[in-house]
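Okay, here's what each chain looks like letter by letter:
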Amino acid sequence: MSIQNTTANNTVARYVVIAALVAVAFFASYRFANAASGGAQPAFNDYAATQAAYDPTAGDAGSGCGGGGGCCGGGSGETVEGAATLDADGIQRISVDATTGYNPNVIKLAAGVPAEITFSEAYGCLGQVMSQELNFFEDLQTGAKTVSLPALEAGTYSFSCGMEMVFGSIVVE
Ligand SMILES: [Cu+2]
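Reference entry: report on the structure contained in this document. Small disclaimer: the values here were computed from a predicted structure and weren't measured. (Residues numbered from 1 in each chain as written. Predicted model: local features only at pLDDT ≥ 70, side-chain atom pairs only at ≥ 80, totals over all residues. Heavy atoms only, no water.)

Points about the pattern of salt bridges
Right, on to step 1. Using the criterion set out here, one finds 5 salt bridges in the structure.
Right, on to step 2. Across the pair Asp87 and Arg93 runs a salt bridge, and its minimum N-O distance is 2.7 Å.
Right, on to step 3. Among the ionic contacts, a cluster of salt bridges with common partners joins Asp87, Asp89, Arg93 and Glu116. (Salt bridge = Lys/Arg side-chain N within 4 Å of Asp/Glu carboxyl O.)

Next comes the structure, spelled out in C-alpha cells:
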C-alpha cells in the first residue's frame, strides 16, 4: 500500500468520525429539546408530526404513549360532525375512521334509539378507544370493533383513545 493511499484512507476515516460525532450531537440535542418541552405530553397542535407515528402499515412497534416524545397529538382540533343513520331494524349506526384521529369526532345520535358505532382498525396512540361515561373499551389493533349502545338520553358524552389524549364526543339529541 502506498503512502498516498494510506493518507487518503485516513482522510476518509476522519470524515466518517466527524459525521458520526455530528449525528450523535444532533440526536442528543434533539432528545434534550424534546425532554425540555414536556416529552410525554406533546402540544395539542403537534398532530402532523405525531400522525406519522400512527401509520398503520408500520405496525405498533412500541408506538404507544409510554415511550415519551411524540405520542398522541390530541386530534387535529377540527370538528367533523357525522350523524348516525337509522336502519330498518330500529338501530342507528355510524362508522368512525380512527386511523389518524376520529373522523367524525362529533357523532350525532338520536335520543331514545339504540346505537351501534363501528370504529375502524387503528394502531399506536389510537389503538384503543374508550368511554367511561358510556362504559366501553375496545382494542382496535385487532380489527374494527362495533360498540353497542343502549337508547341514550339527550346529552353529550365523550370518548377517547386509551390514554385519554385524543377525544371525540357523542351528541345525543
Ligand atoms: Cu392515545
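There's more to say after this.
Topic: the side chain of Gln128
Right, on to step 1. Topologically, Gln128 is positioned in strand β6 (residues 128-131).
Right, on to step 2. Judged by its relative accessible area of 17%, Gln128 is buried.
Right, on to step 3. Those residues in contact with Gln128 that sit more than four places away from it in its chain are Tyr102, Phe137, Glu138, Asp139, Leu140, Gln141, Ser160, Cys161 and Gly162. (Helix = DSSP H or I, 4+ residues; strand = E, 2+ residues; numbered from the N terminus. Buried < 20%, exposed > 50% of the residue type's maximum accessible area, 1.4 Å probe, protein only. Contact = heavy atoms within 4.5 Å.)

Quick notes on the sheet that holds strand β5 (residues 115-119)
Right, on to step 1. Overall, mixed pairing links the 4 strands, which are arranged β2-β3-β5-β8 in an open sheet. The sheet is open, and its two edges are formed by β2 (85-86) and β8 (145-149), each paired on a single side.
Right, on to step 2. Strand direction decides the pairing type here: β5 and β8, joined by 5 bridges, are antiparallel. When the bridges of β8 are listed, Ala115 appears paired with Leu149. (Pairing = 2+ DSSP bridges.)

As far as function goes, none of this settles anything; it's purely spatial.
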